[in-house]
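The lines below spell out each chain.
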Amino acid sequence: MTPAIALTGVRKRYDDFALHDIDLTLPRGQVMGLVGVNGAGKSSLLRMLMGLVRADGGEVEVLGQRLPQAQVAVKRQIGYASDDMRLYRGQTLRWHMDFIRSVYPEWDEPYAQTLLKRFDLRPQQALRGFSHGQRVKALLLLIFARHPRLLLLDEPTTGLDPVARGEVLDAIAEVLRDEERSILFSSHNTADIEQIADSITFLHAGKVIASRDKETFLDNWRRIVCRGAVTDALRMLPGMASIRDSAPMVELKTGAFDDSTLPALQALGLSVESEEPMPLEDIFVTTVRGSHNA
Ligand SMILES: Nc1ncnc2c1ncn2[C@@H]1O[C@H](COP(=O)(O)OP(=O)(O)OP(=O)(O)O)[C@@H](O)[C@H]1O
């Protein structure tokens with residue numbers, strides 16, 4: 001089966017920013033979390049997949065079709081949620097629902113009703129009276145109820161309170177029960193990504209600095225506290241991403257942890273006091289710092 005998204009060597013240059021040689025694959029039926037600091041290029045990448053921005057080079061394939069050639073056909077199968085999508089503030093949510101329903105025969109009214117209840121939205125209320133969280137939920141309802149095959153969600157949980165975030169993440173997880181649907185969503189919030197993503201991509205300064213399935217990411221990273229001295233041989237160990245020397249203790253962060261890591265440290269005269277998995281946020285920050293030093 002062709003992947004939902006396949007990017008090969010994709011480039012885009014603006015005056016003060018560029019996306020560099022992006023290679024990325026999202027298999028169908030999976031959720032990929034795109035993590036990056038402000039200005040990393042997340043929105044630019046999503047806009048490119050939606051056909052709103054044209055790549056300068058490389059190949060962009062969405063749902064098995066090349067962009068920009070197949071743009072019109074592909075766009076109908078994508079649900080895109082971002083700040084770019086403006087709802088009409090003077091119109092009600094019901095008006096928007098009827099509009100989408102008239103354009104998309106796939107519109108699923110019973111599911112829309114379920115989402116209205118779940119998100120606690122009033123369909124007869126004009127959008128101008130909605131809070132930020134209600135607007136985000138209204139936009140997601142309008143997208144989800146037409147069952148797009150690919151969802152591109154640009155920071156769907158930013159600015160939501162914890163309850164609304166939970167509702168939105170549950171709804172995203174539910175969309176995936178149908179195995180044909182795929183989701184690429186960007187967030188600053190690594191906890192959200194950790195919760196629902198199958199794979200994780202870190203984007204920094206327009207480059208993919210890491211992209212792996214979530215389990216591998218979390219399994220490969222460890223924070224290790226040892227007693228002993230920092231040596232060049234220690235710095236050269238594979239995957240060593242951070243070394244903090246607080247003699248006589250040393251704190252290490254490695255992105256290549258496996259059965260050989262602890263014996264290798266012992267062979268260098270270090271005695272391991274503790275070894276623990278790292279939260280995704282710490283992995284992200286350590287990876288970004290490592291990319292600056294590379
Ligand atoms: N049309 C454009 N013309 C010129 N520069 C642009 C354009 N679109 C985006 N950029 C630049 O590309 C860079 C990346 O922006 P982008 O919005 O993709 O980042 P982001 O990772 O989504 O950031 P944030 O988390 O703040 O939303 C920024 O420096 C931005 O100014």
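Predicted, not measured: the structure shown is a model, and the values here were computed from it.

1. Notes on the domain arrangement of the protein
In terms of domains, the protein is made up of domain 1 (27–54 + 71–213) and domain 2 (222–277). The C-alpha-based centres of domain 1 and domain 2 are spaced at 41 Å.

2. As for the pattern of salt bridges
Where charged atoms from two side chains of opposite charge approach closely, those side chains can pair. Counting across every chain of the model gives 14 salt bridges. Across the pair Glu59 and Arg66 runs a salt bridge whose closest N-O atoms are separated by 3.9 Å. Judged by its relative accessible area of 37%, Glu59 falls in the partly exposed class. In this structure Arg66 comes out as partly exposed when scored by relative accessible area, which is 35%. The partner of Glu167 in a salt bridge is Lys137, and the shortest N-O contact between them spans 2.7 Å. With Glu167 in helix H6 (residues 162–175) and Lys137 in helix H5 (residues 132–144), this pair connects stretches of sequence that are 30 residues apart. Via salt bridges that share partners, Arg94, Asp98, Arg101 and Glu109 belong to a single interconnected network.

3. Some thoughts on the sheet that holds strand S12 (residues 240–246)
With antiparallel pairing, 4 strands are arranged side by side in an open sheet as S12-S13-S11-S14. Looking at which strands have only one partner, the edges of the open sheet turn out to be S12 and strand S14 (271–277). Direction aside, the axes of adjacent strands within the sheet are offset by 15 degrees on average. For S12 and strand S13 (residues 249–254), the ladder comprises 6 bridges, and the chain directions are antiparallel. What sits directly across from Asp245, in S13, is Val250.

4. Quick word on the site of the ligand
Taken together, the neighbourhood of the ligand is formed by Tyr14, Phe17, Val37, Asn38, Gly39, Ala40, Gly41, Lys42, Ser43, Ser44, Glu155 and His188. Between the ligand and Ser43 there is a distance of 2.7 Å, counted from an oxygen atom to a side-chain nitrogen or oxygen. Relative to its free-state accessible area of 630 Å², the ligand is covered by the protein chains to the extent of 60%. Here the shell around the ligand is built from residues that sort into 4 nonpolar, 6 polar and 2 charged.

5. Some details on the confidence of the model for the protein
Of the residues in the protein, 98% reach a pLDDT of 70 or more, and the chain-wide mean stands at 90. Ranking the helices and strands of the protein by mean pLDDT puts strand S11 (residues 222–227) first, with 96, and H6 last, with 83.

6. Describing unusual backbone geometry
The omega angle of the peptide bond from Ala247 to Pro248 is 10 degrees, so this bond is cis rather than trans. Mapped onto the fold, Pro248 is located in the loop between S12 and S13. Phi at Asp120 is positive, roughly 55 degrees, even though this residue is not glycine. As for its placement among the helices and strands, Asp120 is situated in the loop between helix H4 (109–118) and H5.

7. Some thoughts on the packing of aromatic side chains
One pass over the full model with this rule turns up 4 aromatic pairs. Seen from their ring centres, Tyr88 and Trp95 are 5.6 Å apart, and the 85 degrees between their planes marks the pair as edge-to-face. Aromatic ring contacts, followed pair by pair, group Tyr88, Trp95 and Phe99 into a single cluster. Taking NZ or CZ as reference, Arg146 lies 4.2 Å from the ring centre of Tyr104, over its face. Taking NZ or CZ as reference, Arg212 lies 4.8 Å from the ring centre of Phe217, over its face.

8. Things to note about the environment of Lys42
Mapped onto the elements, Lys42 comes out in helix H1 (residues 42–49). Taking the C-alpha atoms as reference points, Lys42 and Gln77, separated by 35 residues in sequence, lie 21 Å from one another. Residues contacting Lys42, with those up to four places away along its chain left out, are Leu34, Val35, Gly36, Val37, Glu155, Ser186, His188 and Leu203.

9. Description of H1
Counted residue by residue, H1 has 6 buried out of 8 residues, so it is predominantly covered. Taken residue by residue, H1 has Lys42, Ser44, Leu45, Leu46, Met48 and Leu49 as its buried positions.

10. A short note on the nonpolar core
Ranked by internal contacts, the top residues of the largest apolar core, which has 51 residues, are Leu93, Leu141, Phe144, Ile183 and Phe202. Top element by residues in this core is H5. It accounts for 8 residues. Core analysis: the next-biggest nonpolar cluster, separate from the first, contains 29 residues, Ala4, Ile22, Val53 and Ile78 among them.

11. Quick word on the pairing of strand S9 (residues 199–204)
Across the 6 residues of S9, 6 count as buried, placing the element largely inside the fold. Of the two faces of S9, both are covered, the one formed by Ser199, Thr201 and Leu203 as well as the one formed by Ile200, Phe202 and His204. Where strand S3 (residues 31–35) lies against S9, 4 bridges are found, and the strand directions are parallel. Its bridge partner lying in S9, Gly33 is registered against Ile200. With 6 bridges connecting them, S9 and strand S10 (residues 207–213) associate as antiparallel partners. Counterpart to Phe202 in the pairing with S10 is Ala210. In sequence, S9 turns back onto S10 through a hairpin of 2 residues, with Ala205 there showing a positive phi of about 50 degrees.

The rules behind each value
- Along each chain, residues carry numbers from 1 onward, in the same order as the chain's sequence is written.
- Reporting of local features is limited, given that this is a predicted model, to residues whose pLDDT is at least 70; pairs of side-chain atoms are given and counted only at 80 or more, and all residues count toward the totals for whole chains, interfaces and linings.
- Heavy atoms throughout the structure, all of them, feed into the side-chain values; hydrogens and water do not.
- Each domain's extent is set by a domain assignment, obtained either automatically or from a database.
- The working definition used for a salt bridge is a side-chain nitrogen of Lys or Arg within 4 Å of a carboxyl oxygen of Asp or Glu.
- The rule is simple: take the accessible area with a 1.4 Å probe, protein chains only, and divide by the maximum for that residue type; under 20% is buried, over 50% is exposed, in between is partly exposed.
- Per the convention used, a helix needs a DSSP run of H or I reaching at least four residues, while a strand needs a run of E reaching at least two, with both numbered from the N terminus.
- What makes two strands pair is DSSP finding at least two bridges between them.
- Lines fitted to C-alpha atoms define the axes here, with helix axes fitted over just the stretch in contact, and angles between the N-to-C directions of these axes take values from 0 to 180 degrees.
- Here a residue is near a molecule or strand as soon as one of its heavy atoms is found within 4 Å of it.
- Any N or O atom pair separated by 3.5 Å or less is treated as a polar contact, with the protein-specific requirement of one donor-capable and one acceptor-capable atom, and with residues adjacent in sequence counted only for side-chain atom pairs.
- Accessibility throughout is a Shrake-Rupley quantity obtained with a 1.4 Å probe, and a residue counts as covered only by protein chains that appear here.
- Note that Gly is not counted as nonpolar here; it falls among the polar residues with everything else outside the nonpolar set of Ala, Val, Leu, Ile, Met, Phe, Trp, Tyr, Cys and Pro and the charged set of Asp, Glu, Lys and Arg.
- Scored from 0 to 100, pLDDT reflects the predictor's confidence in each residue.
- Side-chain rings of Phe, Tyr and Trp (the six-membered ring for Trp) are treated as a pair once their centres are within 6.5 Å; stacked means planes under 30 degrees apart, edge-to-face means over 60, and tilted covers the remaining angles.
- We call a charge positioned above a ring when the Lys NZ or Arg CZ atom is no farther than 6 Å from the ring centre and deviates by at most 35 degrees from the ring normal.
- Whether two residues are in contact is decided by their heavy atoms: any pair within 4.5 Å suffices.
- The definition of a nonpolar core used throughout is a set of buried Ala, Val, Leu, Ile, Met, Phe, Trp, Tyr and Cys residues joined through side-chain atoms within 4.5 Å.

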